[in-house]
Amino acid sequence: MTITIFLGSLLGAMAVGMPIAFALLISGVALMLLLGMFDSQIIAQNLFDGANSFPLMAVPFFILAGELMNAGGISNRIINSALSFVGHIRGGLGYVAIIGSVIFAGLSGSALADTAALGAILIPMMVKAGYDRNRSTGLIAAGGIIAPIIPPSIPLIIFGVTSGVSITKLFLAGIVPGILIAVGLVITWTIIVRKDNVDVLPRSSFKEKWQATKQAFWALLLPLIIIGGLRGGVFTPTEAAVVAAFYALFVGLVIYRELKIENLYHILVTSAKTTSVVMFLVAASMVSAWLITVADIPALITDLLGPFVENKLVLLLLINLLVLLVGTAMDLTPTILILTPVLMPIIEMAGIDPVYFGILFVLNNCIGLLTPPVGAVLNVACGVGKIEMEDIMKGIWPFLLVEVLILLLLILFPSLVTVPLQWMTS
């Protein structure tokens, strides 16, 4: 009954078009009424506590860093550098999109921002060179979900805060899975593009490659600073976000000089709006999370999945199948906020490494960004690529399939995550 009331009120509120943050509050109120403990002070206190978190301070600074990078000319220099190395290869612009996705992932941690930035620059170039628009847009959308896996990652921060798992370990554990996704996309693109009649760019000379790399040097240095600082214990993830924002501001204003003082107000306002949406979601989810705990919903879920606790593989397969289904109807952030407090007790009972589970969980949710009807990355890619949803689905399905296969590979072989993490943290 408790689960029915919670899900019914949540899904019902979403079905009538209510924003997810308010739907979470409605579901929380429904649980309070069911339990006979309605108190507005509980709602207010949990809203405040939900946003009052030092690790969550990383979110607005990474969002600000991403906005500063796009406005400061960093994005264009990364793409130009990649073009100089692989632009002359058959399908080279696709490889540029994948390389750009990996590098951008180490800068912003936002799938939507990376997809929009890469798509706006590369899709017109790819179409002009003879690439299929649907497939090109699908590739860039599929590459966009690398951003929430490779550090810095806003979803990993949210998962870490909600679950109590080390954000630094989550960041380091995400590197190999992110690279695996990129490799999978490269292999898939190579197979697909070999039959297409597309133009290739002239081969760049060594001097041109050097010039492009030199211009992108300051942009390429940031991921190394963040990962190196986290690995060496120089700063926390929250401090890394501040470093990234200051670094992007300095590079845009002083080195590249494409960022203008008069643009800062617009950048700050845009970042604040995006931050407010994320933080209100987090705050609202804490109301539901507290009541989920009080209503003992995790114990009910544990009873349902109890027969599978002894078999970690079957348990992980069932949970990931559930998350894949939920991801088709719900966006990434609310899914993490709602399901994390429900699933973590089961994960702990089964003795599964919470860092490893966090990577699987976030990757699975990221795949949900590419599935209709919600598919936030799909919608952004459709807007940038100027195509309809049914068209992008024709182009994205091979890349979506390979990302699901990589998720399955990580479930079957946990050492792909745990062994590199042990090496990086030793």
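Nothing here was measured: the structure is a model prediction, and the numbers come from that model.

What counts and how
Residues numbered from 1 in each chain as written. Predicted model: local features only at pLDDT ≥ 70, side-chain atom pairs only at ≥ 80, totals over all residues. Heavy atoms only, no water. Helix = DSSP H or I, 4+ residues; strand = E, 2+ residues; numbered from the N terminus. Rg over C-alpha atoms; globule rule 2.2 N^0.38 Å. Buried < 20%, exposed > 50% of the residue type's maximum accessible area, 1.4 Å probe, protein only. Contact = heavy atoms within 4.5 Å. Areas by Shrake-Rupley, 256 points an atom, 1.4 Å probe, with all protein chains shown as cover. Lys, Arg positive; Asp, Glu negative; His and termini not counted. Charge placed at Lys NZ, Arg CZ, Asp CG, Glu CD. Salt bridge = Lys/Arg side-chain N within 4 Å of Asp/Glu carboxyl O. Axes fitted to C-alpha atoms, helices over the stretch in contact; angles between N-to-C directions. Parallel < 35°, antiparallel > 145°, perpendicular 65-115°, else oblique. Left-handed = near helix turned anticlockwise from the far one by under 90°. Nonpolar A, V, L, I, M, F, W, Y, C, P; charged D, E, K, R; others polar. Core = buried A, V, L, I, M, F, W, Y, C linked by side-chain atoms within 4.5 Å. Expected span 1.5 Å × (residues − 1). Bend = angle between axes of the 7 residues up to and from the residue.

(A) Highlighting the overall build of the chain. Across its full length, the chain carries 21 helices and 0 strands. Relative to its length of 426 residues, the chain is compact, with a C-alpha radius of gyration of 22 Å against a globular reference of 22 Å. Dimensions of the chain, computed from C-alpha atoms along their principal axes, come out at roughly 70 × 50 × 45 Å. Expressed as a percentage of the 426 residues in the chain, the buried residues total 54%. Sequence-distant contacts, at least 24 apart, represent 79% of the contacts inside the chain between residues at least 6 apart. Surface exposure of the chain reaches about 17,900 Å², of which carbon and sulfur atoms provide 68%. The averaged location of the 21 negative side-chain charges in the chain is 17 Å from the averaged location of its 19 positive side-chain charges.

(B) Molecular detail of helix H21 (residues 415-425). Listing the buried residues of H21 in full gives Val417, Thr418, Pro420, Leu421 and Met424. Of the surrounding secondary structure, the elements contacted by the buried residues of H21 are helix H10 (167-173), helix H11 (175-193), helix H12 (206-231), helix H18 (354-368) and helix H20 (389-412).

(C) Up close: the pattern of salt bridges. Counting across every chain of the model gives 2 salt bridges. A salt bridge links Glu258 to Arg77; its shortest N-O distance comes to 2.8 Å. Of this pair, Glu258 sits in the loop between helix H13 (237-255) and helix H14 (264-294) while Arg77 sits in helix H5 (residues 74-86), placing them 181 residues apart in sequence. For Arg77, a relative accessible area of 16% puts it in the buried group. Across the pair Asp391 and Lys394 runs a salt bridge, and its minimum N-O distance is 3.9 Å. In this pair, Asp391 and Lys394 are both assigned in helix H20, 3 residues apart and thus about one turn of the helix distant. Overall, the relative accessible area of 21% leaves Asp391 in the partly exposed class.

(D) Representation of the packing of H18 against H20 in the model. Put simply, H18 and H20 touch, their axes get as near as 11 Å, and they point 165° apart. Judged on the interaxial angle alone, H20 and H18 are roughly antiparallel. The two elements H18 and H20 meet at a crossing, and its hand is left-handed. Taking contact as the criterion, the partners of Tyr356, Leu360, Leu363, Asn364 and Ile367 in H18 are, on H20, Leu400, Glu403, Val404, Leu407, Leu410 and Ile411. Of the residues belonging to the contact of H18 with H20, the class tally is 9 nonpolar, 1 polar and 1 charged.

(E) Looking closely at the nonpolar core. Judged by nonpolar contacts, the single largest core of 143 residues is most densely connected at Phe62, Phe159, Trp189 and Phe357. Excluding residues within four positions of it along the chain, Trp189 makes contact with Gly91, Gly94, Tyr95, Ile98, Met126, Tyr131, Arg135, Leu139 and Phe399.

(F) Seen up close, the side chain of Thr333. The residue Thr333 is located in helix H17 (residues 332-350) in this model. Given the relative accessible area of 16%, Thr333 is considered buried. Excluding its chain neighbours within four sequence positions, the residues that come into contact with Thr333 are Ile158 and Leu281.

(G) The arrangement of unusual backbone geometry in detail. The step from Pro151 to Pro152 runs through a cis peptide bond, and the omega angle for that step is 0°. Checked against the element boundaries, Pro152 lands in the loop between helix H8 (133-144) and helix H9 (154-163). Although it is not a glycine, Arg257 adopts a positive phi angle of roughly 60°. Locating Arg257 in the fold gives a position in the loop between H13 and H14.

(H) Region of interest: helix H7 (residues 111-128). Taking 1.5 Å per residue as the helical rise, H7 with its 18 residues ought to reach 26 Å, and the 25 Å between its terminal C-alpha atoms agrees with that figure. At Gly119, H7 shows its maximal kink, close to 40°. Those residues of H7 that fall on the buried side of the exposure criterion are Ala111, Asp114, Thr115, Ala117, Leu118, Gly119, Leu122, Ile123 and Met126. For H7, the elements touching its buried residues are helix H4 (58-71), H5, helix H6 (92-105), H8, H11 and helix H19 (376-385). A positive phi of about 100° marks Gly130, the residue just after H7.

(I) Seen up close, the environment of Phe62. With respect to the helices and strands, the residue Phe62 is situated in helix H4. A relative accessible area of 1% places Phe62 in the buried class. Separated by 18 residues in sequence, Phe62 and Asn80 place their C-alpha atoms 24 Å apart. Dropping the residues within four chain positions of it, Phe62 is found in contact with Ser108, Pro152, Ile154, Ile157, Phe171, Ile226, Pro237, Ala240, Ala241 and Ala244.

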